Structures are given as structure tokens and as C-alpha cells.
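As a plain string of letters, each chain reads:
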Amino acid sequence: MAQPIISAEKPVKVSLRNLTLSFGGITALKDVSVDIRENEILAIIGPNGAGKTCLLNCLNGFYKPQKGEILFEGRNISRIRPDKAARMGLARTFQNIELFSGLTTLENAMAARHVFMKQNLLTGALYFGPAHNEEIRHRRVVEDIIDFLEIEPVRNKTVASLPYGMRKRIELARALALEPKVLLLDEPMAGMNTEEKEDIARFIVDIFEGQGESYPDTPVLRDGIRTIVLIEHDMGVVMDLADRIVVLDFGRKIAEGTPEEIKNNPLVISAYLGQSAKK
Amino acid sequence: MALPCGTRNFSYAADMAIFRTKTQWALLLIGLAVLFTAPLWLSFYWLGVVNLIGITIIAATGLNLLTGYCGQLSVGHAGFIAVGAFTSAVLTAKLDLPFLVTLPAAGLLAGLIGIIFGVASLRVKGFYLAISTIAAQIIILWVINHLDNITGGFMGMAVPRAEIFGFTFKTPQSLFFLIMTVAVMVVFFAKNLARTRIGRAFVAIRDNDLAAEVMGINLFRYKLLAFFLGCFLAGVAGSLTAHWVTYVSAEQFSITESILYVGMIIIGGAGTTLGPVLGAIIIRLLQQGVTYVSPILESTFFGNLPSGFTAGLGPFLFGLVIVLFLVLEPRGLAHRWNLFKASYRLWPFSY
Amino acid sequence: MADLMQFVLTGITVGLVYSLIALGFTFIWKSSSVANLALGQMVLLFSWIAYGTIQQAGMPFWLGLPVTIFAAAAVGWILERVILRPLIGQPILSLITVTLGIAFIFEGLVAMFWPISTAAMPDFIPDEPVHILGAVVSQEYLWAAGIALVLFIIVSLFFRYHRYGVAMRATADDQMAVWACGIPVTKIFSVSWMFAGALAAIGGVLMSSIGGITTGLIETGLKSFSVVILGGLDSFLGAIVAGPIIGLAENVGGGYLTDLTWSGVKDVIPFIIIVIVLFIKPFGLFGQERIERI
Amino acid sequence: MLKINNIEVAYLNVIRVLHGVSMSVSEGQIVTLLGANGAGKTTTLKAISGLLHVEEGEVTDGNIEWNGERIDKKNAEYIGRLGIVQALEGRRVFEHLTAEENLLVGAFHRKDRSEVKNDLEMVYSYFSRLRNLRNNTAGYLSGGEQQMVVIGRAMMAKPKLMMLDEPSLGLAPLMVDEIYSIIKRFNEEQKTSVLLVEQNVRIALSIAHYGYVMENGRVVLDGTADFLKNNEDVKEFYMGLSAVGKQKSYRDVKHYKRRKRWL
Amino acid sequence: GNGNGSTTPPPGSNTDAVKNPIKVGIMAPYTGAAASKGKPMGDGVLDAIKYINTELNGVQGHQIQPVFRDGQYNAPIETTIINEFISPSSGIVMFTTQASAEMTVVMGIANEAGLPGFTVFSAPNITQPAKHQFASFPDYGDDWVAFAKYYLANIWKGTGKPKMALHLLNNSTGQGAKDAADKSAASLGIEIVAVETHTSTTASEIESLTRIKAKNPDVIYISSTPPPTAVILKNAATLGITPGVTIGCGGASFTSEMVNLAGAAAEGVFGIYPTVAWGDNVPAMAKMTEYLTKNHPEDANNMDYITGWAEGLLIAEILNKAITNTPGGGNALTPALVEANGFKKLSGFDVGGLQGPATYTVGDNRFSKTVKLYQVKSGKITGIGSWIDAPYIDYGFK
Ligand SMILES: Nc1ncnc2c1ncn2[C@@H]1O[C@H](COP(=O)(O)OP(=O)(O)OP(=O)(O)O)[C@@H](O)[C@H]1O
Ligand SMILES: Nc1ncnc2c1ncn2[C@@H]1O[C@H](COP(=O)(O)OP(=O)(O)OP(=O)(O)O)[C@@H](O)[C@H]1O
Ligand SMILES: [Mg+2]
Ligand SMILES: [Mg+2]
């Protein structure tokens, strides 16, 4: 079911225009422009310290770029607060795991349902009635996601002592629970072996495509997330999954194109891939 | 008897209930029955102690929401209790307002002042925040001390007894019912808040505030909400204190008391509903122990003890208990209790 | 004008005394990220030990002082060994609370061993006040201020350049990782608590030669917290600069504001400053910002 | 020189994680430890370095020997002094220290202070990116840069046995190749033994002399690197898609049938 | 509700019957912030009761049974203690506290329950308006008046009104003096030129004294506790205020502890104290010294032990009066009877000469109404003159 790669026709979902971000002396992003389109998985690659994570951080409002603008569905969100960005439909995972370590897997995902819930102090404190029903409603969605990602065995475990790979999956679950329009993944497969990478790759593809009637009550799984941004250092994964790739180096965009184009771009090879990747 | 080996649930509602087995419900009912018949079999003295514990549980539960759940360390809790106490005192004594108005008013004012000082928490954490809350307490007490026209200044002021629909809460027994009703309600509300949307947001902020924000939780609103709730309950406890002691002066609300509250939630188990309850009971009973033991030791071993031994015994024991608890059970008694429950539930297979 | 001079001089010297105590706080913080709320009680206990060696055991000052410092270091060592070491890796809340427990224990010990509860430190600094530009200051304050400055230079250099100093800072960041490097975390902890004990002892002897040995020393500990907040928890420079600022604010502010506001304003000024600082410069004048990266 | 004899490890006295693991590392060898998430690789390393105690874990059975001396009951410091150093997984830099100070902490217990300067140079020559970042606060470095700091720090200790937990994690492909050639060089030049936990099986086996495969707390397979490289199971499960020759796409991984779920 | 009721023998057989012990609640801040005063006072009162019980065979044959509790200077704890004291089943007929702050916390409940009690150190708000609580000697306000009068009569040599500065502790100790000054300075002919407050833990008062100095006062009055008083005195010496300006202290500050701490700076300072000093030739001195040496040598020279001992004697006398005036005697005592027949029947009791004679006057709940003036001379607290009257001041509290 691979999508045809005709990027020009896909509508732009998020548009980054001339972003510049610096910290004191370090320029993390310099005049970077990227269009993130609907119906595509966009990969961002580049050497360590190139500014990939910074780009995501700008996208969801964690960093405020000094110059340039970010248009999300036409609205400028370059100075938005992170929680607002989440409400607008931007969810992400983190390269160094950032879970709520004192909560269980289930609660981590439920925490992300926060934005959809209507409880207030009063109904929450009384619990019985509206809050209870709401909890159950959202619990269903979360259980669907847990089921989808196959993490039921750790559903009620506090996440702090789970193995690395498991925690990465829980991060994904939490991001899905936010039912985002755009999913941002920062190195979701780091520290996994090939088999586990296959799992995650499968999840990403499934999320992208949607699961239809397997999960009729959970829109995010049923309809899929049609815009995914992926940062990853495993070229096998990137080349297979991405519809389009943007390459950053020292804060600048040095290339953009289909996996085929990128694989053979001499600039990218010398800055990032190295000769070994070509074989 | 059927052991609850691996209690399993078949619906989300059942899975989310606090009390899941018949035994648990029975224990709850028995517990409540024992609690509310206490005035029949407890002496004045023990009622006094239990009343104090009840008030303490209310304030400690507030601190637990703020510190245990939301992770905002406050070492100025007694300052907010003072706000509640004086609010209630002034409103009843000077304006003749009914207790049913002054009690929530005390909570509200304490909560609002809590929000003001809580604004600092948006930028700092941990020890910085701890000190700013100490500062809050010192400033609050200074203001109370100098609003002499309203609060009686250094002298403090007398407080009338609480009155609801013409009934005056005067005897330790009637106060017991008043205080315990509020305490049970507060614990129940806190438990519910903790396990629903707001509580999860609090814990998310405690465990990883950056990620929480990225997940759509408004830090500004929720940190302030935590301060409001924590201080609101402090205010409620303050109001009850005022009508229980019947005299308030700023001196009664010391930094030491604030520190004790922190000790309570740590010993009991921060971030659990049971924690502040256990902590309040232990610390208050320990204080009573010291009240008793030191004079007894002094008279029993007259002359055989180094002079000053008893004077130092109180703080020494106190510190020792806090330290021992932390070293031996750093996650608090509630944690131990949960382990115990878990192993009981799966008995006889401990793993 | 003469009044102003007096307020300024008093502010600076008193402030440096706060700095002296604050250095001890920063020392522990930088080496183990433990916020030592028992600071005031340590100062109190060690002042009494000094009293015990010099006044009660009759040692001459030149012997009593080193003995006291040695004893203080020993107490620091025991604290680390028995109480803090088992807590390595526990959340910050537990670490802060355990120091509160220590504070109670010390208060108890003091009451047990010195039931007289207050005493004057034997005189070892001449009584005559010194006149500077029309203002007077007692020699004790000058000594305390001078010693604070010297200690500041020593500890700053130590933490910046000495390998133990650098390792201590690393320990404050991530004990587990320090351990993984094969560095004796426990020894680092011991050494830093011994140092902190010694600093508290020196501070205590100087402080109590000014105001006597009383529980008031505990409260001076509280004031020192406002100094570390203003200066930045992890900055010795902050401690040494913020002390006089707090002192000046207290004395000059108190000097001119008391008539305009309420009495006792002097005693809340440091705390009002804390609240203001936390709003506009949350990590103090020289404190390192919390690292926020995702 | 390092021998692990049938150890069992439990956390908090209840959670048993290793069920009888044996392995050995001899002088100058690079040994790699492979296995899925949660197999117990990190736990094994912690058992060796003594860090287990800090996490309320304990070696409940079996023993660990270092040059004939039992070290499974020793504390981390003692083991560190023997020259065993572990680089933790997950880029644990000292955030508030500069990159260079991080490296110096690695050299803490070395007596040859003058040599330390040279080694600093050596690390900078290995990781040239760090040279420019030497005075930057480590907490703000990018993920990969932090990883370099962590490995450099382990090297600064000049250990007899260097244990690296997923050194390639989060590194760019070029950098992975580079780091592995550095580890190999370091092993050859300094005669340091290396115990390597890695998910990137292909690259790990390319420099290792010997390897162990762990699953669910047990060693299920071991052998020389060449043997493992050619083992069918290893090829299928650990090198999977990228196995030379039949390259299938991550897009085409088969979708398993979903099971009925129980609460 | 008398706990002794069940064991009371039939009326009439009183003289031969078993004489029940009489329970008295005693609350002292044995630990906590005020332990430095509470401990010696507690020691004093317990020693005195011990002496009465063993050597005098109690009060008319009834042993005094102290129910001694450490209030820890902590309001919640003090409240639980008073709840114990007021409980009918406790059998307690009266109680005492050692500090005005302690009494302030508990007096609401005690008054409500009608349990009579008295406090050793007191502030005006405890005895005004007069309810069931009493003070064993004049309060902090009275101290000020007594000193002011003495100053005007014997020290002030100038013309016009003398200028006085107040330096007050930030609690009821300081406030009591301020209330008195507000009320009576004008009528006495004293001009208050400065009012400063300090905390109980201050380390420097140079700043406040600089401002006081600028006002050129003739006399400074300190109402506080010993440690801060010593700081103020030392700072005053540093600033050159003393010698030159007269300094007077309220009762709670003026102890040997303060003299120790202040050293040379205390020389010449005047102080009010409600009892005699150690070594004064009064009837109770010998026994008191004997018990002190035997049981509490660490309290030597501590005048708070004297106030405690005097408290013990007062308790005994109150009970003595109550037993005498109550039909049925000691076994029939109730709180109300002790108040009516004991507290309110006190008249001219000399308290072993330790403090001014104790007398109950209607509307004035202070027992002794005199204080003594002292001065530090060559490092010793030395009495000057005889007892000074401290007449009742009506502050109009409600
Ligand atoms: N808050 C910050 N303060 C200072 N420097 C920063 C900050 N955040 C990022 N940087 C710097 O910006 C550069 C880009 O960092 P970024 O995390 O975006 O890299 P990256 O492309 O994600 O690299 P990697 O693949 O290693 O994760 C790095 O050199 C980093 O040190
Ligand atoms: N501190 C701990 N307390 C309890 N259980 C733990 C603890 N640390 C690890 N575990 C458990 O031990 C098992 C093995 O973990 P370990 O970290 O050794 O795996 P790993 O092979 O290194 O995995 P990864 O590849 O994800 O790093 C896991 O199931 C984990 O949940
Ligand atoms: Mg990155
Ligand atoms: Mg691992």
C-alpha cells in the first residue's frame, strides 16, 4: 500500500519559513525552510548536532526561533506555547525518553488525553457521575492504543524500571493518545535491534495508513495520522519509510528530495552517510 | 475464606474502583463506624489528640497535593494555615458571619494568597521554591502581626466557637464530628482528584514538566491550581484550628510546624492518598509521646539522667524518626502498605 | 549622612557574616545537590562544641579552635556515613527532608549536652570597636568578614581547578554516572560533608563571638538561605556578593523604611527580596540556569 | 581475566532478571553482548561494575571473578579502582559541567596527571567535534555529541576493562563507523579489553572477537564473531532486514494478526 | 464532675479519712523555642511541690499530684494538653502555665470550661477582662509603668519631659510594654520618641539603634527575652549610646543569662523583676537553694527557677485556702470550688518572701501587685530599693 510519491500535489500541512535559531554563539538553525505535507512521511536526517531536534522543538513551541515563521494550517505558530501546540494537533516523542516516570503505562497515556477531557475541580473531586463516565470513555481509547502497540503486559507497571525499548513504545502510545494531526518522532528506534525496529516501523506505517475497522472507536487508529515527521539515524529505516527526506548540516538545509535522490546526493554522502551506505 | 488471589476485573469501571473486593468494602464500613463512634469511648484528652490529627490530615492532604503530587515543595504551609485561621477568626469575631461562610472563605483567601506566591513556581523548582515558600510564611506572619486593628497584632485575638444552624461546636465530642466530617470529605476528594484528570496532570508536571507541557498541559494553570488547592486546604485547616483553639496569634504558626508538615508527607509517603494520613498520625502521636515521656523520665530518673536530657529528647527523637523513616523506607509508609497489600492479594504466591 | 554610613558599614559586615554561613550551604549543594536545611543547627552545635573545648575543657584558643574544627569534620563524616549515604539516588524531596531531620537531632543534642541553652563565647577578639569614616563596627564583624573573603577564594579555586572539586560538581549532577566512572562517590560525599562541617564550625565560632551562643544562630541560617537564593545556589561568588547586598538591604532599607512602613520591616526585607528575585531572576545573580532540553 | 560464573540477579529481592549468566572476557579482547530489549544486558554490566547495589539489585547466586578475585560483593568504587569502567546507556553527561570537565572527571583516579593532558588530546583527535565544544555546557549538547562525551570520558580513565552500553545509540551513520574504528583503535593501542553491549549487531560483530547473545536473562548463544556472523538465527533475528543480499523493505514487514485482548 | 467523687468518704468522717491527692495540671515549654525559660521554671515548680509533699506532708495532708506536661511552646500541642486538663475524668482542679504565649493559646478553652489557672509570666490580655485565668505577678505592661515611675522619681535629673525609646520583642512580651506606654506615658510625663521591634533571634540591632540614637533619647526601655536583649546592649555599647543613656529592661529579659551574654555591656543596666534575687534574705531561700543544689545545679543563679518555686508555693496556698473554705475539704474540691474558695480567697500570702504578697482583688486577676528594681553592678544583678507598686491599668480589652 505504499503511497505514490508525487509530493508536489500533496497539500502543505506545516510550513517552516526561513527559521533561524541560535543560542549565544551557537547557531542551531540557519534560514531553514521546509514544507511538511499531508499524506507523507517526511524524514529529517543529518549529522549529530545538525539541528534536527531543534527543528522539532521549534515546531511544537518549545524553542522560539529568532527569525522566520511556522505556518500550521495557515496559522503562524512560531511563538505558540507548547501546550497550545499540542492542543492544535502536534504530538511528539523525544530522543532522550521523557516519560512521566511515576505513572503507569496506562496513566502516561491517559495523561495525554488531558486535552480532550472536560472534568473540572468539582466533578473531579466528586468523581461519581460525569468524571467517572469520562474516565471510562477515554480509557477505552487508551486501551485501544495500548493494544495496538502491544504493550498490554506493562499496562499497569510504573514506567521507570521498564527496559529502554519498552519505554520508547510507551512514548509513542502517549503521543498517539493525543490524537495529533501531525506526529513528530525524534529517533523512535534508537537503541533497538532490527527486530524491534521492524516492529516500530510497522507501527509507523500502520499509524500512517490507519487501521480502519480494527479500531472503529478510536479515530486516531481508525483513520491514521496523515502527516508524520521522522528523525532517525538508521538509513535503512529512513530510506524505506520516508516519502521525502530533508537533510540538515550545521543548522542549514543541504538537501531535500526523495530517498533515491538523497541516497545519491554527493553532499549528503560526504556530510552524513559516508561511503559505506552506498553499497 | 476465599483469598483475593489475583483479583481480576472485567470492566473498566470495576478496574478503576478504589474498593474492589467485598472485604475492602467491609473494612471501610467498619473503619468509618469505629471512627464515628470514637467520641463514645475516647477520653477528652484523646479526643483532643484525634481532633488535632484530623485537622492535621486536612492540611497535610493539601500539602500532599501541592508537594507530593505536583512536586512543588512548600516549606511555608503553616503560613497559609495562619491565613485561614485569621480569616475565619476575623470574619466570625468582627463581622459575625456564620461558620458555614467563614470556613470556605478561609480556604479561598489562603488559596488566593497561595496563588500569588505560587507564581514564583513557574520559573523555579526544588529548593528555590522551598525558600520562597519560607519567605511567604515570614511575610504573611509579619503582615498579620502588623494589621493590629484587624488581627490584634502581636497579641492575637479570641475566636468564637463554630456554629452551624444554631448548634455550637464546643465540646471535644461535637468538634470531633465537625473536624472528622471535613477530614473524611477532604481525603475522599483528594483521592478522586488524584486519580482523575487533574491528578494526572499534577504528577505529569512533577515527573517531567517539560514533557507535560508538550503533551498539552498548561503549566501555568496547573501549578497555580496546585498552589490554590494546597493552600485552600491549609486555609480550611486553619479555620478549624481557630475554632478549635479559640485563640489565634501569629506565633502559633511557626516554621517548625511547616517543616513538620513536610516531614509528615514524606514519612507517610508523598504522592499517595494514604501518605498524609499516616504521616499526620505518626508525627502527632510522637509529639504527644514527647509531651508525656519527658516529664515522666525526669521524675523517674531524677538526678540520674544528665540534666537537660529530657529537654533534648523531644527534638532528638523527632529527628531520629524522620531520619530513620527516610533511610529505611524512603518512599514512605504508604509504599510499604501497598507492598504488603500486593503480597496479600497474590498470597500465597509472592512472585 | 553619618547614619547612612553606619547603615552601609553595618550592612556590609553583617552581610559578609551571612555569606560565611552561605558558603557552607553552597559547598554541599555543589558537591551533592543536597540542600542542607540543617545549616543553622550545625552552626549552633559546633559553636557549643567550641564552647565545650575552650570554656569547659579549658583549652587555649589556639588549641580549642582546631579541635572544634576537627570535631565538626568528624560529625560531618558521621552524618554522611550513617544518614546521607543510604539515601544516595533518592529523590530531592527526601534529601531535603532528611536534613530537616538532622536539624532536629542536632537541636536535641545541644539541649542534652548544654542545658544552659545560652552562653557567651570566650573573648578572643578585642572589644574596642573600630571607627571607619564616622561609622563604628566591632572587630568581631571585621574578622568574620575577612575570613569569609579568604574562605571564598579558597573554595572557589578548589571547585574550579582541583580534580576533587570538579568531581564534586559532577557528583551533584549524576551520582550514578560518577560511580560508573569508578570515582569514589562515597568518599566525595564524606569529604564534602567534612568540609561543610568545618566551614560551619568556623562560621559558628565567629557568629557566636558576636551574638553569643543562642538558638538565634539557627535563624541566621534562615537568613543565609536568602543569601544563597539571591546569589544563586551553586555560586560561591553569588554567596559572597549576595551577603552584603542582603545586609545592605536590611540595614539601609530598615534604616529608612521603618518610619514609612511597619516596625520590624528590616527582618522581612531579605525575604521580600527573595520573592522579587525569584520573579525577575529566578536562578539568582550568578546561579546556573536549570538545563532545559528535550 | 573477567569471568562470570552462572550469576543470578534480582532487583528489590523479588524481580529476578538474570537466570544464570556465564561469560568471560580475556585480556585485550573485544567481547560483545547482544540481545533484545530487556534481555538483561545492562543488568549484566551493572553486576560487573557493582552499580547494581545502588539500584537495589543484588547478585543472588553465582559469582564474578576479576583476575581470580571475587568481585560480585564488592562496591562500585573498589571495582572502579581495579580498572573496570562502565559507560552508562542513555548519554548521562554531567549536565552542568563543560565537555572538557566531563572528560577530566573520567581521569579522576589516575595518578599520572601529566599523561592526562595527552589523553585529552587523544580524545579530541578521536572526536574532533568535541574540540570546538570543549567549553560548552554538556547539558546543551546534541544527543550525539553527548554520546561522544560519554565514550571519551570512559577512555580518559585508561581502564583495563571498558564496558560500553550501546555506544552507537543515536549516532549518525558516519559517526557510528568512526566511533567503532576509534574503539578498535583504542583497544589495539591501549590494550584495553572492551565489553560492548550493542543493538547494531552488524557493526558490533565487525570489531568484536567474541560474542554472546542473551535472551530473557539467559545466554542463549555464544561464539567467535565470525561464527555468530554466519549463524542463521543471528542473521534472521538480529541482522534481519539489512542482512546482506535479500533486502526487504521496512514497509513490507508482515502485519501480525491481532489477538483478542483481556483486561 | 469531680474525679475524686467515687472515693470520697461519707461527709463528716473527713478528718480521719484517706486524704486523696489533689491533681494540678502544670504546663511548661520544657522543649522547643522557649525551653531556656521553661525548663528552669518547670524544674522550680516541680522541686517546690516535691518539697511540700515530702517535707510538709502535702497541703493539709493532701499530696499535690502534678500532672506535668511539656507544651513544647507549640499551640496545637498546648491545645491537646488543655483538653486533657479540662476533662472531668482527669480530676484536675486547677492548672498553671509558665509563659504568656502558652496561656494565650489555652485560656479560651479553659475559660469556657471554667477551669481556673494562672500563668507565671503574663501579658495584660490574659487578665483583662478578668475571667477564670490569673497571673502570679504583674505583667509586661506593669513592668514598664513601674520602671517609668522609678526613672522619673530617682534617675531623671533634666527639665521638661524625658525622651524614651522602646525596643520591643515582636510578640506579647513587647506588645504588653507598648500597650502600657501608649496608655500612660503622656499622663506620667514621658515622651516616647521611638518604637523599634526586634525578633527573638536577632544578630544585630545596630541599624535600629542608629535610628534611636538619632532621636537623642534619655532612656531606652527593652521588653524582650535575654538573648536579643544582650545583642541590643552590646550594639548600644558599640555605637557609644552607653554609657550615657539609661537602659531599663522588662522582667522577661532581665536574667543572669542576659548578663552573661552581654558581658561588660550590661553594666549599669536597670531591670524590673517580679521576684527577689538569689541569696536575698527571705524565708524560702534556704530550702529553695538546697533543692536547687541537689536536683538542678545547672539552674544555679537562674531567676526563672525562683519564679517556678514561687509558683509551687502559690499552688499550695491556693489549695490550702480551698480546702479550708470548702465543706468536705480536699476530697470535695472541684475546679469551681478551687476558684471560688482558693484563688479568690488569697490574701496577703507572702510567697516565702520570693515575690510581692499575693492577694486577690475583685476585677484584678494579678496576685502580687509589686515588682522589684534591679541593676547590674560589677557583673551582678543587685537589688535596689524595695518593692514597687504596679497599680492596675485598664486597657479596655473586650
Ligand atoms: N538550549 C540550547 N542551548 C545551547 N545550545 C543548544 C541548545 N539546544 C541545542 N543546542 C545546540 O544546537 C545544536 C543542534 O542541536 P540538536 O539537538 O538540534 O542536534 P541534532 O541534530 O538533534 O543532533 P543529534 O542527532 O545528535 O541528536 C547542537 O550543537 C547543540 O549543542
Ligand atoms: N532498577 C530496576 N528495578 C526493577 N527492575 C529492573 C530495574 N532495572 C532493570 N529492571 C528490569 O530488568 C530487566 C532487564 O533490564 P536491562 O536494562 O538489563 O535490559 P537490557 O538488555 O539492557 O535492555 P535494553 O536493550 O532495553 O537496554 C527488564 O525487564 C527491566 O524491567
Ligand atoms: Mg537530536
Ligand atoms: Mg540496556
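Nothing here was measured: the structure is a model prediction, and the numbers come from that model.

Undergrad: Even after reading the chapter, I still don't get the site of ligand 2, so can you show me in this structure?
TA: In the region of ligand 2, 20 residues are neighbours, and A:Ser161, D:Asn37, D:Lys41, D:Thr42 and D:Thr43 sit closest. One nitrogen or oxygen atom from the side chain of D:Thr43 is found 2.4 Å from an oxygen atom belonging to ligand 2. The element best represented in the shell around ligand 2 is helix H1 (residues 41-49) of chain D, accounting for 3 residues. Classifying every residue of the shell around ligand 2 gives 8 nonpolar, 8 polar and 4 charged.

Undergrad: Explain the coordination of the magnesium ion (ligand 4) here, please?
TA: Residue and element names in this part refer to chain D. The coordination sphere of the magnesium ion (ligand 4), as far as protein atoms go, consists of Thr 42 (OG1) and Glu 89 (OE), spread over 1.8 to 2.6 Å. Highlighted residues: Thr 42 in helix H1 and Glu 89 in the loop between strand E6 (84-87) and helix H3 (99-106), separated in sequence by 47 residues. Here Glu 89 falls in the partly exposed class, since its relative accessible area comes to 23%.

Undergrad: Whenever I open this one, a negative patch on the surface confuses me. Can you help?
TA: On the surface, a cluster of negative charge is contributed by A:Glu195, D:Glu215, D:Asp233 and D:Glu236. Among the structural elements, D:Glu215 can be located in strand E9 (residues 210-215).

Undergrad: How should the state of the cysteines be read in this particular structure?
TA: Covalent bonding between the sulfur atoms of two cysteines defines a disulfide. Residue and element names in this part refer to chain A. One pass over the structure, following the stated rule, counts 0 disulfides over all chains. Between Cys 54, a cysteine without a disulfide, and Cys 58, which holds the nearest cysteine sulfur, the sulfur-to-sulfur distance is 6.7 Å. In this structure Cys 54 comes out as buried when scored by relative accessible area, which is 9%.

Undergrad: Mind showing me how you'd approach a nonpolar patch on the surface here?
TA: Residues B:Ile30, B:Val34, B:Leu40 and B:Trp41 make up a contiguous nonpolar surface patch of about 470 Å² in total accessible area. For B:Ile30, the position within the fold is in helix H2 (residues 22-41).

Undergrad: What exactly am I supposed to notice about the coordination of the magnesium ion (ligand 3) here?
TA: Geometrically, a metal with four donors at the corners of a regular tetrahedron has ideal angles of 109.5 degrees, and one with six donors at the corners of a regular octahedron has ideal angles of 90 or 180 degrees. Residue and element names in this part refer to chain A. Looking at the magnesium ion (ligand 3), one finds its protein donor set to be Thr 53 (OG1) and Gln 95 (OE1), positioned 1.9 to 2.4 Å from the metal centre. With a gap of 42 residues between them, Thr 53 in helix H1 (residues 52-59) and Gln 95 in the loop between strand E6 (90-92) and helix H3 (105-112) connect regions that are remote in the sequence. Note on Thr 53: relative accessible area 9%, which makes it buried. A relative accessible area of 5% places Gln 95 in the buried class.

Undergrad: How should unusual backbone geometry be read in this particular structure?
TA: Peptide bonds are trans in most cases, and residues, glycine excluded, mostly fall at negative phi. A cis amide bond, omega -10 degrees, links E:Gln128 with the succeeding residue E:Pro129. Within the fold, E:Pro129 resides in the loop between helix H4 (124-127) and strand E5 (133-135). For A:Glu187, which is not a glycine, the phi torsion comes out positive at approximately 50 degrees. Along the chain, the position of A:Glu187 falls in the loop between strand E7 (182-186) and helix H7 (194-209). For D:Asn6, which is not a glycine, the phi torsion comes out positive at approximately 50 degrees. When you line up the elements, D:Asn6 lands in strand E1 (residues 2-11). With a relative accessible area of 45%, D:Asn6 lands in the partly exposed category.

Undergrad: So what exactly am I meant to see when it comes to the pattern of salt bridges here?
TA: As a working rule, side chains carrying opposite charge can pair if their charged atoms are close by. As enumerated under the stated definition, the model contains 55 salt bridges over all chains in all. Between D:Lys73 and D:Asp72 there is a salt bridge whose closest N-O contact spans 3.8 Å. With relative accessibility at 57%, the residue D:Lys73 sits in the exposed group. Put simply, A:Lys13, A:Glu38, A:Glu73 and A:Lys181 are held in one network by salt bridges that share partners.

The rules behind each value
Residue numbering note: each chain is counted from 1, following its sequence as written. Chains carry letters and ligands carry numbers; both start at the beginning, A for chains and 1 for ligands, and go up in the order they are written. Two thresholds apply to this predicted model, a pLDDT of at least 70 for residue-level local features and 80 or more for giving and counting side-chain atom pairs, whereas whole-chain, interface and lining totals are computed over all residues. Side-chain descriptors were evaluated using all non-hydrogen atoms of the structure, hydrogens and water having been removed beforehand. Nearness of a residue to a molecule or strand requires only that one of the residue's heavy atoms be within 4 Å of it. Two N or O atoms count as a polar contact when they lie within 3.5 Å, although within protein this holds only if one can serve as hydrogen donor and the other as acceptor, and sequence-adjacent residues are included solely when both atoms are side-chain atoms. What counts as a helix is a DSSP run of H or I of at least four residues, what counts as a strand is a run of E of at least two, and both are numbered from the N terminus. Three residue categories are used. Nonpolar comprises Ala, Val, Leu, Ile, Met, Phe, Trp, Tyr, Cys and Pro, charged comprises Asp, Glu, Lys and Arg, and polar comprises the others, including Gly. Note that water is not among the atoms used; donors are N, O and S atoms within 2.8 Å of the metal (3.2 Å for Na, K and Ca), so sites may look incomplete. Using a 1.4 Å probe on the protein chains alone, a residue whose accessible area is under 20% of its type maximum counts as buried, one over 50% counts as exposed, and one in between counts as partly exposed. Each patch is built from residues lacking any salt bridge and having more than 30% relative accessible area; the joining distance is 9 Å for like charges and 5 Å for nonpolar side chains (Val, Leu, Ile, Met, Phe, Trp, Tyr). Areas reported here follow the Shrake-Rupley algorithm with a probe of radius 1.4 Å; residue values treat only the protein chains shown as occluding. In what follows, salt bridge is the name for a side-chain nitrogen of Lys or Arg lying within 4 Å of a carboxyl oxygen of Asp or Glu. When charges are tallied, Lys and Arg are placed among the positive residues and Asp and Glu among the negative ones, while His and the ends of the chain are skipped. By convention, the charge on Lys lies at NZ, on Arg at CZ, on Asp at CG and on Glu at CD. Cysteine sulfur atoms that come within 2.5 Å of each other are treated as a disulfide pair.

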